[in-house]
Amino acid sequence: MEKNIGIVQTEYLDVKEELILQSGKTLPEYTVAYETYGELSEAKDNAILVSHALTGDAHAAGKNAEADSKFGWWNEMIGPDKAFDTNKYFVISSNILGGCSGTTGPSSFKPNSNERYGLDFPVITIEDTIEVQKKLLDYLGVKKVIVAGGSMGGMQALEWSIKYPECVCACIVIASTSKLSAQSIAFNAVGRNAILSDPNFNNGNYYDSQKQPERGLAIARMVGHITYLCEDAMQNKFARRFQNKDKPDFDFNVDFQVESYLEHQGQVFVDRFDANSYLYITKAVDLYDAAQGVYSLDETFKKTKAKFLVMSFTTDWLFPTAQSKEIVNALIKAQKDVSFCEIESPCGHDAFLLEFETQTKIIKSFLGEHG
Amino acid sequence: MDKYGQSNGLRLNYSIITDIIDEGAKVLDLGCGDGTLLAKLVKEKLVKGIGVEINQDSVIASLEKGLSIIQGDIDAGLKEFGDREYDWVLLNQTLQTTEKSDYVIDEMLRVGKKVVVSFPNFAYWKIRFHLFFMGKMPKSKVLPFSWYDTPNIHLLTVNDFYDFCKKREIKILKSVFMTKANVKTNFVTRFFSNFFAEEVIFVISK
């Protein structure tokens with residue numbers, strides 16, 4: 001019987017050690033927020049590290065309190081007998097460096113100071129975020145790990161397999177890419193511009209102000225949401241229906257349901273996310289190139305030792321199947337053990353957070369021999 | 001029963017192909033279905049294998065066997081695979097279901113040093129008799145479908161395949177002719193093989 005994980009607490013690891021970033025800058029110390037589900041085996045070889053997407057957090061499964069209305073972001077995938085079976089595996093989820101849900105980011109206080117980083121926070125990369133996760137895994141005593149993630153989390157999984165080939169025995173990359181296309185960077189750029197040009201942004205120093213860059217952040221989220229859905233999904237959900245009216249008002253307030261939906265998504269997001277974090281994390285995603293712009297992708301994969309599973313979704317146009325296939329083809333060329341599935345779904349990029357049944361079947365059969 | 005409704009003779013087919021493949025070879029199995037043959041090759045011949053399959057349930061069944069498997073349509077070509085990258089490319093019981101069969105064969109010969117291709121022989125005497133006397137599209141255990149729902153869109157005969165290879169300068173290295181449970185590697189003439197073989201396995205190369 002599939003069951004949910006019960007109540008879990010987010011934990012915090014304080015690392016009193018300098019982190020040298022890819023840019024050459026440093027963070028003197030940092031905190032990692034994380035949750036774990038299941039038990040680490042004696043051999044310390046049954047760990048799965050799941051990495052969240054752009055705006056996720058460490059809370060991947062279960063509830064933090066009985067009264068919570070929602071479960072963690074990948075609750076359907078993590079738990080007893082689920083895709084990531086906590087009867088067998090020790091599942092770890094951490095908040096990304098630069099985030100705003102417990103791990104050090106621009107909204108954190110500088111060490112020994114009551115001043116927040118704001119834009120003094122150094123620009124981080126996906127590679128940097130891996131170092132932070134590695135610290136956490138070392139702390140937890142994990143020797144071998146299966147890495148998995150969707151979207152940005154998939155990039156992190158991929159980077160793990162490249163950076164720590166000895167550690168990673170299996171790598172699951174879902175709805176992701178080895179590098180963003182110009183189009184995807186463009187969408188992120190619009191989002192960042194919306195934040196940067198918000199009159200309340202104040203060069204990132206808005207934390208102690210009454211006025212927050214809410215409008216900018218909301219617009220960034222709206223743009224993002226358009227890319228997470230797809231034309232059919234939007235058409236089916238909203239078509240050209242009006243929002244609580246029969247005819248337009250001939251002004252610039254909300255007429256259509258789709259406008260109201262985006263407004264709502266923007267508003268909800270502002271309550272839980274930090275505008276500076278959005279800048280830093282989208283930048284990290286934009287900068288990521290598994291081949292570092294120098295090597296060919298298959299050359300990059302030569303040193304990997306993991307068994308790979310790559311999955312894409314038919315209607316995902318943010319990280320389309322062709323980008324997953326690019327990873328797969330490079331792995332084939334590098335003579336690596338790779339499997340690939342393209343899952344039929346009407347849900348666009350969001351499918352990795354919605355299509356649980358097929359994903360579960362595929363992941364379970366892929367992990368079979370590891371379990 | 002596999003996806004083409006076959007079960008009879010499949011085991012025989014699998015062991016013949018397993019005998020053909022050399023130990024430790026690099027194998028690409030196109031249209032590998034649930035991966036039974038590839039898993040057998042990995043187990044018995046220690047091959048380094050990868051499968052390509054279009055049907056998702058079959059992909060999952062192959063994953064369950066611990067195989068490396070790519071979901072994809074072989075009619076779209078084998079672009080992800082480099083020239084002569086595999087010792088063997090297999091197209092078992094799938095040729096007649098491909099849309100661009102000639103292109104698929106070209107691609108296999110590009111990617112593989114040797115190619116194994118098997119198909120039901122449409123000139124098998126029972127099929128001829130069926131068409132001759134019944135006047136309807138033949139059905140058999142090997143070809144169980146009706147004309148309107150069959151995946152077998154490019155049915156061919158042993159003689160058609162000989163002609164095809166001759167025209168394209170493809171070498172036939174080995175041929176195995178099968179009836180229900182018998183294997184013949186040396187029919188006296190081509191006529192006999194074309195008439196009596198229900199299913200045929202060819203090893204070809206460029």
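What counts, and at which threshold
In this convention, every chain numbers its residues from 1, walking through the sequence in written order. Ligands are numbered from 1 and chains lettered from A, in the order in which they are written. Given that this is a predicted model, residues contribute local features only at a pLDDT of at least 70 and side-chain atom pairs are listed and counted only at 80 or more, while totals for whole chains, interfaces and linings are drawn from all residues. To obtain an axis, a line is fitted to C-alpha atoms, over the contacting stretch when the element is a helix, and the angle between two such axes runs from 0 to 180 degrees between their N-to-C directions. Secondary structure counts use DSSP, requiring at least four H or I residues in a row for a helix and at least two E residues in a row for a strand, with both numbered from the N terminus. Put simply, angles under 35 degrees are roughly parallel, angles over 145 are roughly antiparallel, angles from 65 to 115 are roughly perpendicular, and the rest are oblique. Whether a crossing is left-handed or right-handed is set by the direction in which the near helix is turned from the far one by less than a right angle, anticlockwise for left-handed and clockwise for right-handed. We call two residues in contact if the C-beta atoms placed from their backbones are at most 7 Å apart. Under the scheme applied here, ten amino acids are nonpolar (Ala, Val, Leu, Ile, Met, Phe, Trp, Tyr, Cys and Pro), four are charged (Asp, Glu, Lys and Arg), and all others, including Gly, are polar. Domain segmentation is taken from an automatic or database assignment of domains. Buried residues are those with 20 or more other C-beta atoms within 10 Å of their own C-beta, exposed residues have 12 or fewer, and partly exposed residues lie in between; C-beta atoms are placed from the backbone. Strands were regarded as paired on the criterion that DSSP finds at least two bridges between them. Crossover handedness is defined here as right-handed if the route from the first strand over the helix to the second strand goes clockwise, with the strands pointing away from the viewer. A helix is expected to reach a length of 1.5 Å times the quantity of its residues less one. Of all possible arcs, the one meant is that of the directions from the helix axis to the C-beta atoms.

1. Brief notes about the packing of helix 3 (residues 182-196) of chain A against helix 4 (residues 214-228) of chain A
Residues and elements named next belong to chain A. Between helix 3 and helix 4, the least distance of the axes is 7 Å, while the angle of their chain directions is 165°. It follows from the interaxial angle that helix 3 and helix 4 lie roughly antiparallel. Note on packing geometry: the crossing formed by helix 3 with helix 4 is right-handed. Two secondary-structure elements touch here, helix 3 through Phe187, Val190, Gly191, Arg192, Ala194 and Ile195 and helix 4 through Gly216, Leu217, Ile219, Ala220, Val223, Gly224 and Thr227. Partitioned by chemical class, the residues of the contact of helix 3 with helix 4 number eight nonpolar, four polar and one charged.

2. A short note on the domain arrangement of chain A
Residues and elements named next belong to chain A. On domain assignment, one finds that chain A holds domain 1 (11-180 + 290-370) and domain 2 (184-282). Each partner contributes to the interface: domain 1 provides 24 residues, whereas domain 2 provides 18 residues. Classifying every residue of the side of domain 1 that touches domain 2 gives 13 nonpolar, nine polar and two charged.

3. Regarding the pairing of strand 11 (residues 307-313) of chain A
Residues and elements named next belong to chain A. With respect to burial, strand 11 is a largely interior element, seven of its seven residues being buried. Alternating residues of strand 11 divide into Lys307, Leu309, Met311 and Phe313 and Phe308, Val310 and Ser312, and every residue in both groups is buried. One ladder, built from five bridges, connects strand 10 (residues 168-174) with strand 11; its direction is parallel. When the bridges of strand 11 are listed, Ala170 appears paired with Lys307. Alignment of strand 11 against strand 12 (residues 338-343), held across six bridges, turns out to be parallel. Bridging across to strand 12, Met311 finds its partner in Cys341. With respect to chirality, the unit in which strand 11 leads through helix 9 (residues 321-333) into the neighbouring parallel strand 12 is right-handed.

4. Comments concerning helix 1 (residues 126-140) of chain A
All names here are of chain A. Between the first and last C-alpha of helix 1 there are 21 Å, a value that for 15 residues agrees with the 21 Å anticipated at 1.5 Å per step. Listed in full, the buried residues belonging to helix 1 are Ile126, Asp128, Thr129, Ile130, Val132, Gln133, Leu136 and Leu137. Backbone geometry just after helix 1 places Gly141 at a positive phi near 85°.

5. Examining the interface of chain A and chain B
Each side of the interface is counted separately: chain A has 16 residues, and chain B has 13 residues. When residues of the side of chain A that touches chain B are traced back to their parent elements, those giving at least two are helix 9, strand 12 and helix 10 (356-367) of chain A. For the side of chain A that touches chain B, the element with the most residues is strand 12 of chain A, which contributes five residues. For the side of chain A that touches chain B, the residue count by class is seven nonpolar, four polar and five charged.

6. Some words on helix 3 of chain A
Residues and elements named next belong to chain A. With 15 residues, helix 3 should cover 21 Å at 1.5 Å per step; its first-to-last C-alpha distance of 20 Å lies within 8% of that length. All of the buried residues in helix 3 are Ser184, Asn188, Gly191, Arg192, Ala194 and Ile195. The buried residues of helix 3 occupy one face: seen down the axis, they fall within an arc of 155°. Exposed side chains of helix 3 directed beyond 90 degrees from the buried face belong to Ala182 and Gln183. Those residues of helix 3 hidden inside the fold are in contact with helix 4 and helix 7 (275-287).

7. Notes on the environment of B:Lys166
With respect to the helices and strands, B:Lys166 occurs in helix 6 (residues 158-167). In the structure, B:Lys166 is positioned 84 residues away from B:Gly82 in sequence and 25 Å away in space, judged by C-alpha atoms.

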